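Coordinate inspection notes
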Amino acid sequence: MRGLVVLHAIRSAILALFFMLALPALAEEQVGFDKEPLLIQTAAGKVLHFTVEIASTPDQRAYGLMFRKVMADDAGMIFDFDEPRRVTMWMENTILPLDMLFADDTGTIRHIKEKAVPYSRDIIDSMGEVKYVVELNAGIASKFGIKPGDRIVSATTTKKAK
């Protein structure tokens with residue numbers, strides 16, 4: 001009898017390990033993202049070019065960049081929250097350190113969280129009402145001098161209100 005209990009425990013542990021390793025890969029396949037060009041126009045006159053994935057549905061916004069191990073320097077993700085509101089985010093299950101640009105409905109950056117810490121459950125607050133969040137690799141904001149007041153421009157930020 002004891003042997004059956006041990007065998008059952010081992011089988012359960014193996015299944016749990018399988019699901020812990022397989023679910024992130026399966027989840028990534030289930031959430032798809034379209035891409036678009038995105039520009040950041042700085043007050044200093046620079047125009048920075050990125051290609052971002054678009055997270056506009058609740059499932060896409062919830063998944064975001066979780067489990068990504070690498071991202072090109074000119075890549076990122078734009079979260080579209082439909083209506084301006086205060087936004088809170090966190091980095092649980094996010095491997096990459098990120099810079100988060102919080103922008104209002106005109107695309108104007110209102111707040112920046114630089115170097116968000118991977119796997120952290122600390123709440124990252126938009127510090128006011130925003131409609132968009134752009135996530136880029138950590139250090140990009142500092143490297144290119146991106147500041148509040150700069151603008152993001154993409155098909156997402158320029159589409160007509162519904």
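Residues numbered from 1 in each chain as written. Predicted model: local features only at pLDDT ≥ 70, side-chain atom pairs only at ≥ 80, totals over all residues. Heavy atoms only, no water.

Looking at the nonpolar core
Phe79, Met89, Met100, Phe102 and Val133 are the most contacted members of the largest nonpolar core, which has 22 residues in total. Elements with a contribution of two residues or more to this core: strand E3 (75-89), strand E4 (98-103) and strand E6 (124-137). Considering each element in turn, this core owes the most residues, 6 residues, to E3. Excluding anything up to four places from it in sequence, Phe79 contacts Ala55, Arg61, Gly64, Met89, Lys131, Tyr132, Val133 and Glu135. If you look at the next biggest cluster of nonpolar residues, it comprises 18 residues, including Phe50, Val52, Leu136 and Ala141. (Core = buried A, V, L, I, M, F, W, Y, C linked by side-chain atoms within 4.5 Å. Buried < 20%, exposed > 50% of the residue type's maximum accessible area, 1.4 Å probe, protein only. Helix = DSSP H or I, 4+ residues; strand = E, 2+ residues; numbered from the N terminus. Contact = heavy atoms within 4.5 Å.)

A short note on the layout of surface pockets
If you add up the space inside the largest pocket, you get close to 270 Å³. Lining the largest pocket we find 21 residues, and of these Arg61, Ala62, Phe79, Met89 and Trp90 sit closest to its centre. Among the elements of the structure, helix H2 (58-63), E3 and E4 are those that each provide at least two residues to the lining of the largest pocket. No other element matches the 7 residues that E3 contributes to the lining of the largest pocket. Taken together, the residues that form the lining of the largest pocket break down as 13 nonpolar, 3 polar and 5 charged. (1 Å grid on protein atoms, 1.4 Å probe; cavity = no way out; pocket = protein on both sides within 12 Å on 5 of 7 lines; lining within 4 Å. Points joined across faces, edges and corners; volume = space filled by probe spheres on them. Nonpolar A, V, L, I, M, F, W, Y, C, P; charged D, E, K, R; others polar.)

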